[in-house]
Amino acid sequence: MATDFGFTPGTFLGNDLGRTGVIHTPHGDIRTPAFVAVGTKATVKAVLPENVAGLGAQAVLANAYHLFLQPGSDIVDAAGGLGAFMNWPGPTFTDSGGFQVMSLGVGFKKVLAMDATGLVDDDVIAAGKNRLAHVDDDGVTFTSHLNGDRHRFTPEVSMRIQHELGADIMFAFDECTTLMNTRGYQESSLARTQAWAVRCLAEHGDLTRARAGKPYQALFGVVQGAQYEDLRRRAARDLAGLQVDGISFDGFGIGGALEKENLGTIVGWVCSELPADKPRHLLGISEPDDFFAAIEAGADTFDCVMPSRVARNAAIYTVEGRFNVSTAANRRDFGPLDATCDCYTCAHYTRAYLHHLFKAKEMLGSTLATIHNERFTVRLVDDIRASIEDGSFAAFKAEFLGRFYSGRR
């Protein structure tokens, strides 16, 4: 099957896992490592797509679950695909909806770096929540968090939705477990995700042929296995070797909940089993220490809602750590959010002004804070990429993390 998608590895770290590279898509190249801004509902909340381009983001990711519910993937398809619909000219990603089924279906926060000490259960529900999703071997039945309507996702449905959304990079439908599930459940879930991967590849092939006039959409397999080395390695090997009618995965996502303290180790297990000539995307990660650990272990791209989510609650990332601009200390501070930042917000507005906006509950506060946090995150990963290329990764890692986390000592 002819494609215009590919990946070119660049400079490698000494461990032969961490690297730079270029992902080639029909809508442009992505230089990696790269942070992909999350536009869940075809919008990065509070900012224009033009703002997203201006802050240096190379690609955006939208969510199949949310766009299926509203406005409907058929409408996005009729508009010319995700990029045309949201006036974004660059590369786009869509995730499969599997994580949203888990996080919304069992009431967990949308964070994958977890601590599950002492918690083991096969029917995991967040405290005070009701189960809205039920998994079986064929797919997932879930209740819409918007209006209570019941829907069903299968691998074939997820592929159809994502093909209609038209993103350059899609993800296979998988079951996203939590660290709280037992070893036995993780094993059965992994077998289920593997079977779904076969069905995704088959449906992807059929839809690609049926929509031959559309740009090629790359499909990434998703590696699960929680905190278990043998399961992660087995899943990576199985997906890397999988072919259906001559079609294999174009890249790979590393999914599921990860123990934060072991994040780099787990990513390393997976990446050491995956082919070096295909890209690897780590789903749902955006903290500075996680970036360094994951990039060193071989991850190429990342996405997470956190930079924009915390911005809407007045939390600001700086090279000196994170702070809340709505606290009294910022009321008369007429300096920028971060004196080292080159974003639009820091060039034109003060901490005092953003303090006022958040206290007055003005929408502009969310916009300006989001521009800054997204730029901070994109720029950090860009700087990590540059440090790999010029050979200063270890020194840059030590200097940046020492400064960012100095207040936590």
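I will try to describe carefully the structure that is included in this document. (Residues numbered from 1 in each chain as written. Predicted model: local features only at pLDDT ≥ 70, side-chain atom pairs only at ≥ 80, totals over all residues. Heavy atoms only, no water.)

1. Looking at the pairing of strand S5 (residues 60-63)
- Neither face of S5 is open: one carries Val60 and Ala62, the other Leu61 and Asn63, and all of them are buried.
- Once you follow strand S4 (residues 34-38) into helix H1 (residues 49-54) and on to S5, the crossover reads as right-handed.
- With 4 bridges joining them, S5 and strand S6 (residues 92-95) adopt parallel strand pairing. By the bridge assignment for S6, Ala62 is matched with Thr94. (Buried < 20%, exposed > 50% of the residue type's maximum accessible area, 1.4 Å probe, protein only. Helix = DSSP H or I, 4+ residues; strand = E, 2+ residues; numbered from the N terminus. Right-handed = clockwise from strand over helix to strand, strands pointing away. Pairing = 2+ DSSP bridges.)

2. Brief notes about the nonpolar core
- Formed by 85 residues in total, the largest nonpolar core has its most connected members in Phe249, Val267, Leu282, Ile384 and Phe400.
- Phe5, Val36, Ala59 and Phe171 belong to the second largest nonpolar core, which has 18 residues in total. (Core = buried A, V, L, I, M, F, W, Y, C linked by side-chain atoms within 4.5 Å.)

3. So, the side chain of Glu164
- Residue position: Glu164 is located in helix H6 (residues 155-165).
- Taking relative accessible area as the criterion, Glu164 reaches 15% and is therefore assigned buried.

4. Here's the deal with the environment of Ile254
- As for its position among the elements, Ile254 is in strand S13 (residues 251-254).
- For the pair formed by Ile254 and Asp230, sequence separation is 24 residues and the distance between their alpha carbons is 15 Å.
- In this structure, Ile254 is in contact with Val223, Arg232, Val267, Val270, Cys271, His281, Leu282 and Leu283, ignoring residues within four places of it in sequence. (Contact = heavy atoms within 4.5 Å.)

5. Observations concerning the pattern of salt bridges
- All told, the structure shown has 23 salt bridges when counted by the stated rule.
- The shortest N-O distance in the salt bridge between Asp138 and Arg199 comes to 3.1 Å. One end of the pair, Asp138, is in the loop between strand S8 (133-135) and strand S9 (140-143); the other, Arg199, is in helix H7 (residues 183-210), with 61 residues separating them in the sequence.
- Given the relative accessible area of 22%, Arg199 is considered partly exposed.
- Taking the shortest distance from any N to any O, the salt bridge between Glu175 and Arg192 comes out at 2.6 Å. Residue Glu175 is found in the loop between strand S11 (169-171) and H7, and its partner Arg192 is found in helix H7; the two are separated by 17 residues along the sequence.
- Using a relative accessible area of 8% as the deciding quantity, one classes Glu175 as buried. (Salt bridge = Lys/Arg side-chain N within 4 Å of Asp/Glu carboxyl O.)

6. Side note on the sheet that holds S5
- Read around the closed barrel, 8 strands run S4-S5-S6-S11-S12-S13-S15-S16, paired in parallel fashion. Between one strand axis and the next, the sheet turns through 30° on average, direction left out of account.
- Where S13 meets strand S15 (residues 280-283), 3 bridges bridge the pair, whose relative direction is parallel. Within the sheet, the bridge partner assigned to Phe252 lies in S15 and is Arg280. (Axes fitted to C-alpha atoms, helices over the stretch in contact; angles between N-to-C directions.)

7. Remarks on the side chain of Ser189
- Inspection of the secondary structure assignment puts Ser189 in helix H7.
- Engagement of the side chain of Ser189 in a polar contact is seen with the side chain of Glu175, the distance being 2.8 Å.
- With sequence-adjacent residues up to four places away left out, Ser189 is seen in contact with Glu175 and Thr177. (Polar contact = N/O pair within 3.5 Å; in protein donor to acceptor, adjacent residues only side chain to side chain.)

8. Overview of unusual backbone geometry
- Geometrically, the link from Thr32 to Pro33 is a cis peptide bond, its omega value of 0° lying close to zero.
- Relative to the helices and strands, Pro33 is located in the loop between strand S3 (28-32) and S4.
- Put simply, Gln70 and Pro71 share a cis peptide bond, and its omega is 10°.
- For Pro71, the position within the fold is in the loop between helix H2 (64-69) and helix H3 (73-78).
- Positive phi, normally seen in glycine, also occurs at Asp16, with a value near 65°.
- The topology assignment puts Asp16 in the loop between strand S1 (6-12) and strand S2 (19-25).
- The exposure class of Asp16 is exposed, given its relative accessible area of 57%.
- Even without being a glycine, Ala226 presents a positive backbone phi close to 55°.
- As for its position among the elements, Ala226 is in the loop between strand S12 (218-223) and helix H8 (229-240).
- For Ala226, a relative accessible area of 1% puts it in the buried group.

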